[in-house]
2 protein chains.
Amino acid sequence: MARRNDHSREELKTMILDAAWNITGDEGFSAVTARRIARAIGYTPGTIYNVFTSMDDVLIALCARVVDELSAMITLPSHYDPAARPDHNLKIMARLYRRYASDHLHHWMLLFGYNLTESTQVPEWYNEKIALLFDPLEQMISPLFAPGGERRKKIAARILWSSVHGLCFLEATRKIPFITDYADPEEMMDYMIDGFISGIGR
Amino acid sequence: MARRNDHSREELKTMILDAAWNITGDEGFSAVTARRIARAIGYTPGTIYNVFTSMDDVLIALCARVVDELSAMITLPSHYDPAARPDHNLKIMARLYRRYASDHLHHWMLLFGYNLTESTQVPEWYNEKIALLFDPLEQMISPLFAPGGERRKKIAARILWSSVHGLCFLEATRKIPFITDYADPEEMMDYMIDGFISGIGR
DNA sequence: ACACGATTATGAACAAAGTTCAATAAAAAT
DNA sequence: ATTTTTATTGAACTTTGTTCATAATCGTGT
């Protein structure tokens, strides 16, 4: 019952994360427990604490995976039309975001439904990862701003992101009932983006 | 150890909710446990299950309180200028919402951070309560729509709400770092509302 | 080969969580 | 006074995260 060395530290780490990933996908992150993971990978709970410092640690690493997937998705150039206007590609990006949220609801919810204990600090590399998500968005709306309009551009990017996210969140969690009773959410996002973009020109 | 009849059923209910409310306000809803509540009101955990069916039941009732507070706040006529244009009052409403989120962060987070177990269905009265929140908003933007534009008005109300909420949520949870690095969130909300409103006119 | 030290997995143990329920004490009814 | 009803309890069960002494095995030096 010791030093099996069947798997390296690194292998164990990915095995644990893979297991946690699958459990999350199937049943949501609240079903992720040390004992469930251990059972899934053929180890015991204690092992997980040899590789991660806590369950929070595991879930933060899981969050990072989700961010990575999201990032890879919205960065893929083949989704966009480089010749099109910003609002066209913006709508595509918003749809990609929304589709990820609905296709991988449980993984996506991990990012926002999982409440880090207030004592646990979010590691710096995680914040940097999220900050990177803004880059393609800022690049996309860049043509709408005069040179030197960096600040307004960053603000606009954050507003757009928040708005799209807010709609997806309230739709996904069904916290606001009837949100889809009057229009397709995609239509609403388009409407929102059009409104905001045309407002930028003032 | 029985039938003390110190308090009626109804009294017990409010005592439990008051205790849960205070614990939430002080330490967040994850600190709300049956044993904590029981200790606070001088009863034992079992008593709580005589009054509520489960801890979920307690937390849903708590959510209802938050919605009631929010509703009362944004409905108060004295906050608004009936002679002003919609965008002016809209901004006020958005600020009220944001201020509630920051002043009562733990209570507000209960609404969105507390994940109802997927098995637990949200009761109908709760959904109706939330739907009511839209009424003052729809009324406010009514002048922007021609008669018969009911559908577009409802859509616009939901988009506005989602956007404002998205910004507040990402700010409050600090899920998106640096969101406040470039502008005051109030300024961002104003910018967002202006953009969207001016986009409605097309 | 052998033994020893370093490492690694274990599983028993702890506290605290939600939840249940037979037992009990007190109020109400007879 | 006795019985019935009911409110409250507290012990018990399961499951959670987490710790750590213990045991097993690998790598290495003799």
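Predicted model, so just to flag it, every value in this text is computed and none were measured. (Residues numbered from 1 in each chain as written. Chains lettered and ligands numbered in written order. Predicted model: local features only at pLDDT ≥ 70, side-chain atom pairs only at ≥ 80, totals over all residues. Heavy atoms only, no water.)

Asker: Any details on the confidence of the model for chain A? Residues and values, ideally.
Answerer: The predicted model of chain A averages 91 in pLDDT, with 95% of residues at 70 or higher. Looking at the elements of chain A, mean pLDDT is at its lowest for helix α9 (residues 185-201) of chain A, recorded as 88, and at its highest for helix α2 (residues 34-41) of chain A, recorded as 98. (pLDDT = per-residue confidence, 0-100. Helix = DSSP H or I, 4+ residues; strand = E, 2+ residues; numbered from the N terminus.)

Asker: Give me the interface of chain B and chain A: which residues, what numbers.
Answerer: In this complex, chain B contributes 47 residues to the contact, which on the side of chain A involves 47 residues. When the two sides are added together, the surface that chain B and chain A hide from each other amounts to roughly 4300 Å², 64% of it contributed by carbon and sulfur. Three residues, Lys175(B), Tyr182(B) and Tyr191(B), lead the burial of chain B against chain A; their summed loss comes to 18% of the area buried on that side. Here chain B and chain A share two salt bridges between them. When the shortest N-O distance is used, the salt bridge between Arg151(B) and Glu187(A) registers 3.5 Å. Summed over the shared surface of chain B and chain A, the number is two residue pairs in polar contact (both at pLDDT 80 or more). (Contact = heavy atoms within 4.5 Å. Buried area = accessible area lost by both parts, 1.4 Å probe. Salt bridge = Lys/Arg side-chain N within 4 Å of Asp/Glu carboxyl O. Polar contact = N/O pair within 3.5 Å; in protein donor to acceptor, adjacent residues only side chain to side chain.)

Asker: How would you explain the protein's contact with DNA strand D if you had to name every residue and give the values?
Answerer: Within the structure, DNA strand D sits among 24 residues, and Arg35(A), Tyr49(A), Arg3(B), Thr47(B) and Asn50(B) are positioned closest to it. Backbone sugar and phosphate groups make up 63% of those atoms of DNA strand D lying within 4 Å of the protein. Residue Ala34(A) places a main-chain N or O atom 3.1 Å away from a phosphate oxygen belonging to DNA strand D. For the surface near DNA strand D, the element with the highest residue contribution is helix α3 (residues 45-51) of chain B, accounting for three residues. Counted by class, the surface near DNA strand D contains ten nonpolar, eight polar and six charged residues. (Near = heavy atom within 4 Å. Nonpolar A, V, L, I, M, F, W, Y, C, P; charged D, E, K, R; others polar.)

Asker: Pulling in residues and values, what's your account of the pattern of salt bridges?
Answerer: When charged atoms on two side chains of opposite charge get close, those side chains can pair. With the rule as written, the count across this model stands at 30 salt bridges over all chains. Through salt bridges that share partners, Arg95(A), Arg98(A), Glu171(A), Glu186(A) and Asp190(A) make up one connected network.

Asker: With reference to specific residues and values, describe the protein's contact with DNA strand C.
Answerer: For DNA strand C, the set of nearby residues contains 23 residues, the closest of which are Thr44(A), Thr47(A), Arg35(B), Tyr49(B) and Met55(B). A share of 66% is what sugar and phosphate atoms reach among the atoms of DNA strand C within 4 Å of the protein. The contact in question runs from a phosphate oxygen of DNA strand C to an N or O atom on the backbone of Ala34(B), over 3.0 Å. Between Met55(B) and DNA strand C, the recorded distance is 2.9 Å, taken from a backbone N or O atom to a phosphate oxygen. Of the residues forming the surface near DNA strand C, the biggest block, three residues, is contributed by helix α3 (residues 45-51) of chain A. Here the residues of the surface near DNA strand C are counted per class, giving ten nonpolar, seven polar and six charged.

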